[in-house]
Amino acid sequence: MQHLRRLRLHVRDRHVVMDNGILRVTLSKPDGTVTGIRYNGIDNLLEVLNEESDRGYWDLVWSPPGSTVTTGTFERIVGTNFKVVVESEEQIELSFSRTWDTSVEGKLAPLNIDKRFVMLSGCSGFYSYAIYEHLEGWPGFNLDETRIAFKLRKDKFHYMAMADNRQRYMPLPDDRLPGRGQQLAYPEAVLLVNPVEPEFKGEVDDKYQYSCENKDLKLHGWICMDPPLGFWQISPSSEFRSGGPLKQNLTSHVGPTTLAMFISAHYAGLDLVPKFGEGEPWKKVFGPVFMYLNSAMEGDDSLSLWEDAKKQVLDEVQSWPYSFPESEDFPPSAERGNVSGRLLVKDRYISYDYVPASGAYVGLAPPGEIGSWQRECKDYQFWTRADEEGFFFINDIRAGDYNLYAWIPGFIGDYLSEDSITITSGCFIYMGNLVYEPPRNGPTLWEIGIPDRSAGEFYIPDPNPKYINKLYVNHPDRFRQYGLWERYAELYPNGDLIYTVGESDYTKDWFFAQVTRKKDDKTYQGTTWQIKFKLDMLNPTGTYKLRLALASAAQAELEVRVNISDENPPLFSSGLIGSDNAIARHGIHGLYWLFNVDIGGTLLVRGNNIIYLTQANSTSPFQGVMYDYIRLEGPQIDLSPN
């Protein structure tokens, strides 16, 4: 039977077919859209009811320079030139490229784009990557989003999986249409009122309930039960994604749709949109990502396909960076560099000794400011986790100039290496012991929460019973339920949240998001939370420090007052900050903010004090902040040994 497994390429007038005996992939020519995937006896896994151009494709959204929105011009990337890059017994690599010139100015994003599709002998799937290039002399623009989308057959694929505890039977796309679905506060969220399958009645469907952080975004896809087979999207690396390890992206959702997201403003806003100036040279490789197909024997548990796909992820990660891409813009492992070292923490108010930065997120990203990695979206980033002793190893880094960045669960702020690091082909750089000194003025008088860049430790209410996604009932990610922002006013109908240090419990008494309050006339008002605390001793000439670490901000204006609730102007105002929309998108964080507020000792009293936190902007239900961690420090004291 071995002759059936030969790699074959068929080039026709309007289509090209790659076939390795396991699967057969058909692409339009020269467009480069995937029109058909034949596998395991099914002639086409993609949605045959859709036009050929609407099955498997690369797309982007772009805007003119200076745009203040992230919803610009949608464009499927259509190739105009087809080329066979490699045709051998082991590999087929195809190129579908398009070249920009001034004749299409204003109509197409000013980018040269070369989409590549790769099939390997004996491999149950295919790969895709692309090279984007903006040349000197070309007009500026914003690249709001770019991704690969696959739309599978709705009569075959009904079960979606993206994590061990995030998988379920999904509604049909028909269930979201008027008559079967009722749109909620925004178009993506739909209440299923008359679904085709009655079991889904009364549930909410929203693609943002299936978002995932880059660090965990390695595998997601769909299972067909008859015959039992899986279609999976595997990303062995996030080096080409924007925003670092905590950036959240869409995965798979009702369609059945599977996405490979590369650039998006989701959970971040305009900050994560690359903005290219006129004539700014830029080139980037997105991918490769792997579309993996697997099947089970009749009678076997179809969910075993998820377990098999997880094993395949390990193989793909082991193989990264892939050796097969033919583009000179994708360097193999031998042409990349490596960095190692140890990160320690120096906080004398916790320990006289250096503390290992256990579990620190350590990464190389383009040179920038403290914490700039989370808004970096043009180039490559390489991240790892330090071990319990703070040792880290970052392998297979593309050549170039970087800073080393880090943040450590349990500590506020960000580490930034003083000097930039130049990675060269084959280098091994040992950085020795690096020391992070987190922001610290004096001893901790009290604290609320855990500094981990998430609001997940705070009180997350049960959803309104009318708006439930059954997947997230009794689930660690209970924050992914729809409409939780409306629960605040129901829990605090007569006044805003009051938290008493030493008595209150932040897991029960601190609502996960400081949102606006909806009034009877359908308008909204800002909210003021109080932190009550007692000072047994007071240094009236000293400076106290309030640390406000935010996990999210959406069109928010955070004001701080001390002991005078109507003080104007406030002691501190953040100004208008944030557009990450995490409240509406069922996130538990967006982008991280850290504010440090000086409180003069004369503003405080010995005995009972109150800090007032006001979120003042109030024109929508989605404006607000999520706190990561709050700490009040006393004035500096001498910690030198006697």
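Residues numbered from 1 in each chain as written. Predicted model: local features only at pLDDT ≥ 70, side-chain atom pairs only at ≥ 80, totals over all residues. Heavy atoms only, no water.

An unreviewed UniProt entry annotates the protein as rhamnogalacturonan endolyase originating from Abeliophyllum distichum. Per UniProt, the protein has the following entry under Subcellular location (unreviewed entry): "Secreted". On record in UniProt, under Catalytic activity (unreviewed entry), the comment for the protein is "Endotype eliminative cleavage of L-alpha-rhamnopyranosyl-(1->4)-alpha-D-galactopyranosyluronic acid bonds of rhamnogalacturonan I domains in ramified hairy regions of pectin leaving L-rhamnopyranose at the reducing end and 4-deoxy-4,5-unsaturated D-galactopyranosyluronic acid at the non-reducing end." (UniProt positions renumbered as here; feature names shortened; annotations may be inferred.)

The next thing to look at is the environment of Thr26. Within the element layout of this structure, Thr26 appears in strand E3 (residues 23-28). With 291 residues separating them along the chain, Thr26 and Val317 place their C-alpha atoms 27 Å apart. Leaving out residues up to four positions away in the same chain, Thr26 has contacts with His15, Val16, Val17, Thr33, Val34, Thr35 and Gly36. (Helix = DSSP H or I, 4+ residues; strand = E, 2+ residues; numbered from the N terminus. Contact = heavy atoms within 4.5 Å.)

Moving on, we get to the sheet that holds strand E24 (residues 282-295). Read across the sheet, 9 strands follow the order E7-E8-E9-E10-E24-E19-E18-E12-E13 without closing on themselves; strand pairing throughout is antiparallel. Each edge of the open sheet is held by one strand with a lone partner, namely strand E7 (81-87) and strand E13 (166-169). The sheet shows a mean angle of 15° between the axes of neighbouring strands, taken without regard to direction. Bridging between strand E9 (residues 112-120) and strand E10 (residues 125-134) involves 7 bridges; their strand directions are antiparallel. What sits directly across from Arg116, in E10, is Tyr129. (Pairing = 2+ DSSP bridges. Axes fitted to C-alpha atoms, helices over the stretch in contact; angles between N-to-C directions.)

What follows is about a negative patch on the surface. Negative charge collects at one region of the surface, where Asp226, Glu298, Asp300 and Asp301 lie side by side. Tracing the backbone shows Asp226 in the loop between strand E18 (219-225) and strand E19 (228-234). (Patch = residues over 30% accessible without salt bridge, like charges linked within 9 Å, V, L, I, M, F, W, Y side chains within 5 Å. Areas by Shrake-Rupley, 256 points an atom, 1.4 Å probe, with all protein chains shown as cover. Salt bridge = Lys/Arg side-chain N within 4 Å of Asp/Glu carboxyl O. Lys, Arg positive; Asp, Glu negative; His and termini not counted. Charge placed at Lys NZ, Arg CZ, Asp CG, Glu CD.)

If you walk through the whole model with that rule in mind, you get 47 aromatic pairs. Aromatic side chains Trp510 and Tyr627 sit 5.5 Å apart centroid to centroid with 75° between the ring planes, which places their arrangement in the edge-to-face category. You can see Trp510 sitting in the loop between helix H3 (506-509) and strand E36 (514-515) and its partner Tyr627 sitting in strand E44 (residues 624-633), a full 117 residues away along the chain. Like Tyr627, Trp510 is buried. (Phe/Tyr/Trp six-rings, centres within 6.5 Å; stacked < 30°, edge-to-face > 60°. Buried < 20%, exposed > 50% of the residue type's maximum accessible area, 1.4 Å probe, protein only.)

Right, let's talk about the sheet that holds strand E14 (residues 181-183) for a bit. If you trace the 3 strands from one edge of the open sheet to the other, you get E14-E15-E16, paired in antiparallel fashion. Every interior strand has two partners, whereas the edge strands, E14 and strand E16 (204-205), have only one. Here E14 pairs with strand E15 (residues 190-192) via 3 bridges, running antiparallel. Within the sheet, the bridge partner assigned to Gly181 lies in E15 and is Leu192.

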